Amino acid sequence: MRFLKNHFSMYAHLPKEIYVLAFGKLMTSMGALIWPMLTLIMSEKLNLNGQTIGMYMMMFSMFMGPFYLLGGKLADKYNKKHIIVTFDLIGNSLYFVCAALPISMTTLYLLAIASVFQSMEQPAYDALIADLTTYKERERAYSLNYLAMNLGLVMAPMLGGMLFNNYLNLSFFINGLADISSTLLLLFFIKNVKNTISDSKTVNEYEKGEAGSIFKVFSKRKLFFLLFIISGIAAMIYNQFNFLMPLHMEEAFRGSGAFKFGILASINAVVVVIGTPMVTKKFSGVTDVRIMYFGQLLESVGLAFFIFVNRYFVIAVVGIIIFTTGEIFGSISKTPYLTKRIPETHRGRVLSITNSCAGLIGILSNYVIGILIDYYTFHTVWIIIAAIGVVVMILYSIYLILDKKAYPGLYLE
């Protein structure tokens, strides 16, 4: 008990709404049985090949992109709580429709529509956390949200893997039920938050509100365009956790690939639960870019282990532990990095554009990866992924130098 108290003590004294948001994320993640299995649904249930799966993933991303950007604009203009609840209810209802239908291409299209509404709410969700906290609390708040998400995912992927072969429709029902409960929690326990003029205790010199369009904001922050490129390539590497990895597990462990990938996803969640408080507490004072760099290094090394996975599952387990440690570093640093460098009046739009660019580049690349796995071995494709990881780390090194020049005040704290 004392260990748990010390382990999670760093999350004390945050605004109570942050705990409500975190608990809502926990509930959603506990029922997230479908998304970790999406690639396997397309390959095993719908009999699609790697290239076709990559194409569908790319199309879904391109379809969602404009709506994600619209969600960012709405988050800056309207009540964030109302946006989250409304889009949540619409998207979640489609899971129940999927549960009542046989698995087919219609299921895939309904999931795409559901993801559109859920993506529209995400900029409001991220911006709401920033609105509710001071800039000095932000790493802890985003860390807690990330921790809660993964705490819920400890058993969900494994359960999804167990239900995959014979009870997949039940997974859709559980997913919808968990999401609805999370939505109701936000509806009743989160107060309405509106953008206000903040003082120096709430925001730093770089995030004070500004008048003007989003184009004016970016014209003053041209360095972000390099970040878009880096984030996109990094997203491509990270996406292989849900794209290339499950396909590789199915190829290497015929008949039990879905279950073994579920185990890896659950290990991912366990490592996050254990490691996130420790990493956040230890590195909260370190510059965000350096944390992102180190996270990318560990992610690339972890995925490189899959080069050597044949039928030795233990190698995959070691790889996922290293990969997840890198994921922790990246997840607790990126959004705080952005919110400390953009005006609070434009948070929703900047976050949505940044994440859309990263997501688009990442998913477009999945189409290429899908082609590669149809013509080359998984061994070769993993080598390519590891080499791209080296390129990203070089770009991060350059970016750190430029960031120090652009935001010197943040490096004096």
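Residues numbered from 1 in each chain as written. Predicted model: local features only at pLDDT ≥ 70, side-chain atom pairs only at ≥ 80, totals over all residues. Heavy atoms only, no water.

(A) Local environment of the overall build of the protein. Helix and strand content of the protein: 18 helices and zero strands. Whereas a compact globule of 413 residues would reach a radius of gyration of roughly 22 Å, the protein reaches 20 Å, a difference of no more than 12%. Looking at the protein as a whole, 57% of its 413 residues are labelled buried. For the protein, the accessible surface area stands at approximately 17,500 Å², while carbon and sulfur atoms represent 69% of it. Within the protein, the 23 negative side-chain charges are centred at a point lying 5 Å from the centre of the 33 positive side-chain charges. (Helix = DSSP H or I, 4+ residues; strand = E, 2+ residues; numbered from the N terminus. Rg over C-alpha atoms; globule rule 2.2 N^0.38 Å. Buried < 20%, exposed > 50% of the residue type's maximum accessible area, 1.4 Å probe, protein only. Areas by Shrake-Rupley, 256 points an atom, 1.4 Å probe, with all protein chains shown as cover. Lys, Arg positive; Asp, Glu negative; His and termini not counted. Charge placed at Lys NZ, Arg CZ, Asp CG, Glu CD.)

(B) How the structure looks around the environment of Leu-185. If you trace the backbone, Leu-185 turns up in helix H9 (residues 168-189). Along the primary structure Leu-185 and Met-158 are separated by 27 residues, whereas in three dimensions their C-alpha atoms are 26 Å apart. With sequence-adjacent residues up to four places away left out, Leu-185 is seen in contact with Val-20, Phe-23, Gly-24 and Ile-190. (Contact = heavy atoms within 4.5 Å.)

(C) Molecular detail of the packing of helix H11 (residues 223-238) against helix H18 (residues 378-406). Two elements in contact, H11 and H18, have axes separated by 10 Å at closest approach and are oriented at 155°. Here H18 runs roughly antiparallel to H11, going by the angle between their axes. In this structure, H11 crosses over H18, and the sense of that crossing is left-handed. Along the contact surface, H11 presents Leu-223, Phe-224, Leu-226, Leu-227, Ile-230, Ile-233, Ala-234, Met-236 and Ile-237, while H18 presents Ile-385, Ile-388, Gly-389, Val-392, Leu-395, Tyr-396, Tyr-399, Leu-402, Asp-403 and Ala-406. Across the contact of H11 with H18, the residue classes tally to 17 nonpolar, one polar and one charged. (Axes fitted to C-alpha atoms, helices over the stretch in contact; angles between N-to-C directions. Parallel < 35°, antiparallel > 145°, perpendicular 65-115°, else oblique. Left-handed = near helix turned anticlockwise from the far one by under 90°. Nonpolar A, V, L, I, M, F, W, Y, C, P; charged D, E, K, R; others polar.)

(D) Quick look at the pattern of salt bridges. Tallied over the full model, the rule gives three salt bridges. Of the charged contacts in the structure, one is a salt bridge between Lys-16 and Glu-17, with a shortest N-O distance of 3.2 Å. Looking at Glu-17, the relative accessible area reads 5%, which means it is buried. Lys-80 is the partner of Asp-131 in a salt bridge, and the nearest nitrogen-oxygen pair spans 2.8 Å. (Salt bridge = Lys/Arg side-chain N within 4 Å of Asp/Glu carboxyl O.)

(E) Representation of the side chain of Thr-183 within the structure. With respect to the helices and strands, Thr-183 occurs in helix H9. Its relative accessible area of 2% is what places Thr-183 among the buried residues. A distance of 3.3 Å separates polar atoms of two side chains, one belonging to Thr-183 and the other to Asn-92. Sequence-distant contacts of Thr-183, that is, excluding residues within four places in its chain, are made with Val-85, Asp-88, Leu-89 and Asn-92. (Polar contact = N/O pair within 3.5 Å; in protein donor to acceptor, adjacent residues only side chain to side chain.)

(F) Main features of helix H8 (residues 156-163). When we look at burial in H8, the residues that qualify are Ala-156, Pro-157, Gly-160, Gly-161 and Leu-163. Viewed end-on, H8 has its buried residues packed into an arc of 165°, placing them on one side of the element. (Arc of directions from axis to C-beta.)

(G) Just the packing of helix H14 (residues 288-304) against helix H15 (residues 313-331), in detail. With their axes 7 Å apart at the nearest point, H14 and H15 run at an angle of 160° to one another. Classified by the angle their axes make, H14 and H15 are roughly antiparallel. Relative to H15, the crossing made by H14 is left-handed. Every residue of H15 that contacts H14 at Ile-291, Phe-294, Gly-295, Leu-298, Glu-299, Val-301, Gly-302 and Leu-303 is listed here: Gly-319, Ile-322, Phe-323, Thr-325, Gly-326, Glu-327, Phe-329 and Gly-330. Within the contact of H14 with H15, the residues separate by chemical class into eight nonpolar, six polar and two charged.

(H) Expanded view of the confidence of the model for the protein. Per-residue pLDDT for the protein averages 81, and the proportion of residues at 70 or more is 90%. By mean pLDDT, the top-scoring element of the protein is H15 (92), and the lowest-scoring one is helix H1 (residues 2-8) (58). A low-confidence stretch, residues 195-201 stays under pLDDT 50, and its non-local contacts, those more than four residues away or across chains, total 12 contacts. (pLDDT = per-residue confidence, 0-100.)

(I) Geometry of the environment of Asp-131. Turning to its location among the elements, Asp-131 is positioned in helix H6 (residues 105-131). According to the relative accessible area criterion, Asp-131 is buried, its value standing at 18%. When the C-alpha atoms of Asp-131 and Asn-242 are compared, they prove to be 31 Å apart, with 111 residues separating the residues in sequence.

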